[in-house]
Amino acid sequence: MPKAYWIARVDVRDPERYKDYVSTAAPAFAEFGAKFLARGGPVTHLEGPARGRNVVIEFESVEAAKACYDSPAYQAAARIRQECAEAEMLIVEGA
């Protein structure tokens, strides 16, 4: 089964409140075996609109990635993120 990746591009409006999102999301990421491959590091912009924060998270499967997103623990975190940031998020199946 191919791995899957969350790709999130985020502009944080309230960095202090965003810390609450990170801590609230942590249990969901742990439960579903999330492995952070990139988290807000330096970016080389090539094309299209850029976002301030870019994150890539690896999961064992698309099902695990989707289950993490849909979990009550992550949805509680998502509500916080939606209050303090603008984001684009998607799941990509690995090769």
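Scroll up for the structure.
Each value, and the rule that gives it
- Residues numbered from 1 in each chain as written.
- Predicted model: local features only at pLDDT ≥ 70, side-chain atom pairs only at ≥ 80, totals over all residues.
- Heavy atoms only, no water.
- Phe/Tyr/Trp six-rings, centres within 6.5 Å; stacked < 30°, edge-to-face > 60°.
- Helix = DSSP H or I, 4+ residues; strand = E, 2+ residues; numbered from the N terminus.
- Buried < 20%, exposed > 50% of the residue type's maximum accessible area, 1.4 Å probe, protein only.
- Pairing = 2+ DSSP bridges.
- Axes fitted to C-alpha atoms, helices over the stretch in contact; angles between N-to-C directions.
- Core = buried A, V, L, I, M, F, W, Y, C linked by side-chain atoms within 4.5 Å.
- 1 Å grid on protein atoms, 1.4 Å probe; cavity = no way out; pocket = protein on both sides within 12 Å on 5 of 7 lines; lining within 4 Å.
- Points joined across faces, edges and corners; volume = space filled by probe spheres on them.
- Nonpolar A, V, L, I, M, F, W, Y, C, P; charged D, E, K, R; others polar.
- Contact = heavy atoms within 4.5 Å.

J.: Looking at this structure, how should I read the packing of aromatic side chains?
T.: Think of a pair of aromatic rings as described by two things: how far the centres are apart, and how the planes are tilted against each other in angle. All chains considered together, the criterion is met by nine aromatic pairs. Aromatic side chains Trp 6 and Phe 29 sit 5.4 Å apart centroid to centroid with 75 degrees between the ring planes, which places their arrangement in the edge-to-face category. Of the two residues, Trp 6 sits in strand E1 (residues 4-12) while Phe 29 sits in helix H1 (residues 15-31), which places them 23 residues apart along the sequence. Judged by relative accessible area, which is 2%, Trp 6 ranks as buried. Among the residues examined, Phe 29 registers a relative accessible area of 9% and is labelled buried.

J.: Teacher, can you tell me more about the sheet that holds E1 here?
T.: Through backbone hydrogen bonds, the strands of a sheet pair up, either in parallel or in antiparallel fashion. If you walk across this open sheet you meet the four strands as E2-E3-E1-E4, and the pairing is antiparallel. Of all the strands in the sheet, the pair left with one neighbour each is strand E2 (35-39) and strand E4 (85-93). In this sheet, adjacent strand axes meet at a mean angle of 15 degrees when their direction is disregarded. Sheet analysis places E1 next to strand E3 (residues 53-59), joined by seven bridges and oriented antiparallel. Looking at E3, one finds that Ile 7 is bridged to Val 56.

J.: Help me understand the nonpolar core, please; the structure alone is not making it clear to me.
T.: Side chains that are nonpolar tend, in soluble globular proteins, to be buried together. Counting 21 residues, the largest nonpolar core has Trp 6, Tyr 21, Phe 29, Phe 59 and Tyr 74 as the members making the most contacts within it. Sorting the residues of this core by element identifies E1, H1, E3, helix H2 (62-70) and helix H3 (72-84) as the ones contributing at least two each.

J.: I would appreciate a short explanation of the layout of surface pockets in the present structure.
T.: Computed from the structure, the largest pocket encloses a volume of approximately 200 Å³. Along the wall of the largest pocket there are 16 residues; nearest its centre are Tyr 21, Val 22, Phe 29, Phe 36 and Val 55. At the level of elements, E1, H1, E2 and E3 are the ones that each hand at least two residues to the lining of the largest pocket. It is H1 that provides the largest number of residues to the lining of the largest pocket, a total of six residues. Considered class by class, the residues forming the lining of the largest pocket number 13 nonpolar, no polar and three charged.

J.: I tried to follow the environment of Ile 57 on my own but got confused; where do I start?
T.: With respect to the secondary-structure elements, Ile 57 resides in strand E3. By relative accessible area, which is 4% here, Ile 57 ends up buried. For the pair formed by Ile 57 and Ala 34, sequence separation is 23 residues and the distance between their alpha carbons is 6.2 Å. Once residues within four sequence positions are removed from consideration, Ile 57 is found in contact with Ala 4, Tyr 5, Trp 6, Phe 29, Ala 34, Lys 35 and Phe 36.

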